[in-house]
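Residue-level listing of the chains:
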Amino acid sequence: AKESGHNYFQFYVASVDQEIRERKQLEKDLSVALHNHQFHLVYQPQVNLETHRIIGAEALIRWEHPEKGLIPPDEFIPVSEMNGSIVEIGQWVLDQACWQAARWASNGMPLRIAVNLSAVQLRQDTIVDDILDTLKRHHIPAGRLELEVTETSFMTNLEEAVDKLKRLHKAGISIAVDDFGTGYSSLTYLKRMPVQHLKIDKQFIRDLLVNEEDTRIANTIIDLGKSLNLTVVAEGVETAEQEYYLAQRGCKLAQGYFFSKPLKPHEFEIFVAGFHSK
Ligand code: C2E
Ligand code: CA
Ligand code: CA
Ligand code: CA
């Protein structure tokens with residue numbers, strides 16, 4: 001028993017050691033990724049369930065690692081939030097998304113672009129000016145930008161977050177609460193925050209109509225949206241049944257594989273043209 005305990009300990013140390021090494025390597029690779037043009041954005045259409053029109057797109061980052069291939073954002077965004085590189089990466093995302101929005105607008109496709117804003121970005125002193133400057137640089141009206149923030153953004157410094165989001169909203173930018181219901185939701189936040197949209201997380205949509213609890217949670221968020229006059233967006237819609245249910249339940253916007261996966265810009269343009277000619 002003593003022997004195996006010893007072995008276990010060695011094994012444990014070795015695997016933790018390897019994890020630390022892999023993590024360090026990831027951070028190292030991440031630090032040159034932006035400069036080496038390894039990031040790109042894909043766009044997922046957001047559909048109005050009443051009019052069946054595409055009203056906008058959510059921009060989602062992709063990292064094409066030179067050796068490892070595509071690394072999903074869930075694996076590197078948390079790392080970049082921890083070491084602070086999300087500030088620079090996030091600014092690149094915003095810039096790229098605005099550039100794309102301007103291009104689409106000049107081609108007769110004036111869609112709203114939703115960009116994910118990390119809590120770490122929102123904590124930066126210059127964030128409001130940085131965002132407004134980016135819009136100006138690309139000649140994008142503020143109404144065409146939506147920022148998706150999670151409930152974590154409200155937790156660290158509520159006063160400061162309220163103040164910044166208010167300034168952004170005053171300028172005309174709309175604010176969505178992302179992953180609503182998965183974090184430390186508090187109705188106090190909703191009352192105090194200048195938010196206009198609630199996004200139902202895909203974890204509640206996945207088993208919609210199959211799991212009774214998930215269905216009730218989705219219903220509750222839709223009703224909450226109605227009573228607080230917030231537009232509700234369902235994410236992760238994968239089936240016609242889910243779309244039908246959400247539409248008749250009064251959820252106004254949706255995105256998910258049922259309509260389209262996130263697309264590269266040229267694919268997105270073709271998709272929009274095809275969708276609207278249906
Ligand atoms: P999120 O903001 O909640 O984005 C929704 C995720 O669901 C995306 O994953 C999207 O591709 C995926 N998705 C969309 N439709 C469906 C569907 O029908 N079924 C399923 N199973 N999944 C669907 P993705 O692109 O891998 O992004 C994961 C997370 O990474 C995002 O979650 C967001 O938190 C973060 N992220 C992505 N891009 C950015 C970025 O530019 N900045 C920041 N700060 N975070 C980002
Ligand atoms: Ca999002
Ligand atoms: Ca989500
Ligand atoms: Ca998220």
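For every chain, the first residue of the written sequence is number 1, and numbering continues from 1 onward in sequence order. Think of it this way: whatever chain is written first is A, whatever ligand is written first is 1, and the rest follow in order. Only residues with pLDDT of at least 70 are given local features in this predicted model, and only at 80 or more are side-chain atom pairs given and counted; all residues enter the totals for whole chains, interfaces and linings. Side-chain measures here rest on the full set of heavy atoms in the structure, leaving out hydrogens and waters.

Draft legend 1. Representation of the coordination of the calcium ion (ligand 3) in the model. With water excluded from the atoms, a metal site may look incomplete; its donors are any N, O or S atoms within 2.8 Å, or within 3.2 Å for Na, K and Ca. Distances from the calcium ion (ligand 3) to its protein donors, namely D179 (OD), D201 (OD), E235 (OE) and E235 (OE), fall within the range 2.0 to 3.2 Å. Along the chain, the residues that donate to the calcium ion (ligand 3) are spaced as D-x21-D-x33-E. Here the calcium ion (ligand 3) and the calcium ion (ligand 2) are spaced 5.6 Å apart. You can see D201 sitting in the loop between β7 (197-200) and α9 (202-205) and its partner E235 sitting in strand β8 (residues 231-235), a full 34 residues away along the chain. Categorising residues by exposure relies on relative accessible area from a 1.4 Å probe, with only protein chains included: less than 20% of the type maximum marks a residue as buried, more than 50% marks it as exposed, and the intermediate range marks it as partly exposed. You can call D201 buried: its relative accessible area is 9%. Note on conventions: DSSP H or I runs of at least 4 residues are helices, E runs of at least 2 residues are strands, and numbering of each starts at the N terminus.

Draft legend 2. Broad picture of the pairing of strand β1 (residues 39-48). Buried residues dominate β1, accounting for nine of its 10 residues. If DSSP finds at least two bridges between two strands, the strands pair. Two elements, β1 and strand β2 (residues 53-65), share 10 bridges in a ladder whose sense is antiparallel. Note that in β2 the partner of L41 across the bridge is I61. The antiparallel hairpin formed by β1 and β2 contains four residues in its connecting segment, where H52 sits at a positive phi of about 55°. Alignment of β1 against strand β9 (residues 253-255), held across two bridges, turns out to be antiparallel. Looking across to β9, one finds that N48 is bridged to L253.

Draft legend 3. Region of interest: the packing of aromatic side chains. Only the six-membered ring of Trp is used, alongside the rings of Phe and Tyr, when aromatic pairs are assigned; centres must lie within 6.5 Å, and planes under 30 degrees apart are stacked while those over 60 apart are edge-to-face, with the rest tilted. Applying the stated criterion across every chain, the model contains nine aromatic pairs. With 6.1 Å between their ring centres and 40° between their planes, F39 and W92 make a pair best called tilted. With F39 in strand β1 and W92 in helix α3 (residues 86-106), this residue pair connects regions lying 53 residues apart in the sequence. We classify W92 as partly exposed; its relative accessible area is 23%. An angle of 35° between the planes, with centres 5.6 Å apart, marks the rings of F271 and F275 as tilted. With F271 and F275 both in helix α12 (residues 265-277) and four residues apart, this pair spans about one turn of that helix. Cluster of aromatic residues (ring-pair linked, three or more members): F39, W63, F76 and W92.

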